[in-house]
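# Observations on the three-dimensional arrangement
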Amino acid sequence: MSATLSFTAPTEHGPQDITLSYTRAGAGEPLLLLHGIGHHRQAWDPVAGILATERDVIAVDLPGFGRSSALPRGLPHDLPTTTAVLAAFCAALGVDRPHVAGNSLGGLLALELGRENLVRSVTTLSPAGFWTQAERRYAFGLLTGMRRTARALPLPLVERLSRTAAGRTALTSTIYARPARRSPEAVVAETLALARAEGFAETLRAGRTVLVTDDVPDVPVTVAWGTRDRLLLPRQGVRAKRIMPRARLVRLPGCGHVPMNDDPALVARVLLDGSRAQSARALSTSFSTVTL
């Protein structure tokens, strides 16, 4: 069930009143799910039910995305601010050091929460920040083009396109390897989410200076990458492993940048294994470290 939560976050610019939208389901240890830029919490729907059999699953719309309002005027949508907001959100829910899983921007935020030792474990799916400058410009160019297209398309045309596999491919093939598997309703909803995302431009602007260079030493980390990721290329996973040598690197065969819909069973297994680990070496042996 969807809910909203208003709370005060202690940011670098002083205490700020924030309201975020989220869903919560299941039982067990808490697992916080963070989506990518321009997306919304429904990106996790294909795996949420599986995860909820073992975890208290909290899927949140990041500030300025989905149904969450943008941050207050003058507050940057940057990594330190958004991390502080998420920490305050968990505290307001009464959740102490959840497991966290994130995709793309959400993966970058999950790693920062781990670096601050605010979570029990980190699982990332194609996390941002392990790019070269050329790769970053390429990814930002694709994202900007997707945003421009989403804002230009009339809703009746989006609805018409979503009814066919070819149309869903045209709308979402940049992020899904198997776009025809996405439901028409989900494609319409995420196209609208991208078009209406208040925080898109500011978040993308803040990302221009992001480059991950530090390890996450105190919590178990899993990094998973789709072999057919067209946005953040799979070789970036190898860089992530070099920067975080204790992290587990997992290959997601046939999956794109947002792999939850491409292979829900595999992605759910990766997320649950990552959240079961109290040390990176305790992860299931069903996944081996690989070269992507």
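This one's a predicted model, so the numbers in the text were calculated from it and none came from an experiment.

## Describing the layout of surface pockets
By volume, the largest pocket is sized at about 370 Å³. Listed by contribution, the elements that provide at least two residues to the lining of the largest pocket are α4 (133–152), α6 (165–172) and α7 (184–196). When its residues are assigned to classes, the lining of the largest pocket shows 12 nonpolar, 12 polar and 1 charged. In this structure, the second largest pocket occupies an estimated 240 Å³ of space. If you trace the second largest pocket, you find 15 residues lining it, with His-40, Gly-66, Arg-67, Leu-192 and Ala-193 closest to the centre. Taken together, the residues of the lining of the second largest pocket break down into 5 nonpolar, 5 polar and 5 charged.

## A word on the side chain of His-77
Tracing the sequence through the fold places His-77 in the loop between β4 (55–60) and α2 (79–93). A polar contact is formed between the side chain of His-77 and the backbone nitrogen of Leu-71, at a distance of 3.3 Å. Once residues within four sequence positions are removed from consideration, His-77 is found in contact with Pro-63, Gly-64, Ala-70, Leu-71, Thr-82, Gly-199, Glu-202, Thr-203 and Ala-206.

## Regarding empty space enclosed by the protein
In the structure shown here, the tally under the stated rule is 2 cavities of 30 Å³ or more. The volume enclosed by the largest cavity comes to roughly 300 Å³. What lines the largest cavity is a set of 24 residues, among which Ile-37, Leu-105, Leu-108, Thr-203 and Gly-207 lie closest to the centre. When contributions to the lining of the largest cavity are tallied by element, the ones reaching two or more residues are α2, α3 (105–115), α4 and α8 (200–206).

## A closer look at the environment of Arg-136
Among the structural elements, Arg-136 can be located in helix α4. The contact partners of Arg-136, leaving out residues within four places of it in the chain, are Trp-131, Gly-207 and Arg-208. A polar contact of 3.0 Å, which involves the side chain of Arg-136, links it to the side chain of Gln-133.

## A look at α3
Residues three or four positions apart in an α-helix share a direction because the helix packs 3.6 residues into each turn. Among the 11 residues that make up α3, 10 are buried, leaving the element largely enclosed by the rest of the structure. The elements touched by buried residues of α3 are β3 (29–34), α2, β5 (99–103), β6 (122–125), α8 and β7 (221–226). Positive backbone phi, approximately 60 degrees, marks Asn-117, located one or two places after α3.

## Considering helix α10 (residues 264–276)
Its 13 residues place the ends of α10 18 Å apart at the C-alpha level, agreeing with the 18 Å of an ideal helix rising 1.5 Å per residue. Within the sequence span of α10, burial applies to Leu-266, Val-267, Ala-268, Val-270, Leu-271, Leu-272, Asp-273, Gly-274 and Ser-275.

## Considerations on the sheet that holds strand β8 (residues 248–252)
Judged by pairing direction, the sheet is mixed, and its 8 strands sit side by side in the order β1-β2-β4-β3-β5-β6-β7-β8 without closing on themselves. Two strands lie at the open edges of the sheet, namely β1 (2–11) and β8, each paired on one side alone. For this sheet, the mean inter-axis angle between neighbouring strands, taken without regard to orientation, is 25 degrees. Where β1 meets strand β2 (residues 14–26), 10 bridges bridge the pair, whose relative direction is antiparallel. The partner of Ala-9 across the bridge, within β2, is Gln-16. Lying over the sheet, α10 contacts β3, β4, β5, β6, β7 and β8, oriented at roughly 155 degrees with respect to β6.

## Observations concerning the packing of helix α5 (residues 155–162) against α6
For the pair α5 and α6, the least separation of the axes is 6 Å and the interaxial angle reads 120 degrees. Considered as vectors, α5 and α6 are oriented oblique to each other. In contact with Val-158, Leu-161 and Ser-162 of α5, α6 contributes Gly-167, Arg-168 and Leu-171. For the contact of α5 with α6, the per-class residue count stands at 3 nonpolar, 2 polar and 1 charged.

## Section: the pattern of salt bridges
For the structure shown, the criterion picks out 11 salt bridges. With its nearest N and O atoms 2.6 Å apart, the salt bridge here joins Arg-235 to Glu-135. Placement of Arg-235 in helix α9 (residues 235–243) and of Glu-135 in helix α4 is noted, with a sequence separation of 100 residues between them. Classification of Arg-235 by relative accessible area gives partly exposed; the value is 46%. One network of salt bridges, in which partners are shared, links Glu-54, Asp-273 and Arg-276.

## Section: the pairing of β7
Counting buried positions along β7 gives 6 out of 6 residues, so the element sits mostly inside the fold. A two-sided burial pattern is seen for β7, the buried positions comprising Val-221, Val-223 and Trp-225 on one face and Thr-222, Ala-224 and Gly-226 on the other. Where β6 lies against β7, 4 bridges are found, and the strand directions are parallel. Across the sheet, Val-122 pairs through a bridge with Val-221, a residue of β7. Two elements, β7 and β8, share 5 bridges in a ladder whose sense is parallel. Its bridge partner being in β8, Thr-222 is matched across the sheet by Arg-248.

The rules behind each value
- Residues numbered from 1 in each chain as written.
- Predicted model: local features only at pLDDT ≥ 70, side-chain atom pairs only at ≥ 80, totals over all residues.
- Heavy atoms only, no water.
- 1 Å grid on protein atoms, 1.4 Å probe; cavity = no way out; pocket = protein on both sides within 12 Å on 5 of 7 lines; lining within 4 Å.
- Points joined across faces, edges and corners; volume = space filled by probe spheres on them.
- Helix = DSSP H or I, 4+ residues; strand = E, 2+ residues; numbered from the N terminus.
- Nonpolar A, V, L, I, M, F, W, Y, C, P; charged D, E, K, R; others polar.
- Polar contact = N/O pair within 3.5 Å; in protein donor to acceptor, adjacent residues only side chain to side chain.
- Contact = heavy atoms within 4.5 Å.
- Buried < 20%, exposed > 50% of the residue type's maximum accessible area, 1.4 Å probe, protein only.
- Expected span 1.5 Å × (residues − 1).
- Pairing = 2+ DSSP bridges.
- Axes fitted to C-alpha atoms, helices over the stretch in contact; angles between N-to-C directions.
- Parallel < 35°, antiparallel > 145°, perpendicular 65-115°, else oblique.
- Salt bridge = Lys/Arg side-chain N within 4 Å of Asp/Glu carboxyl O.

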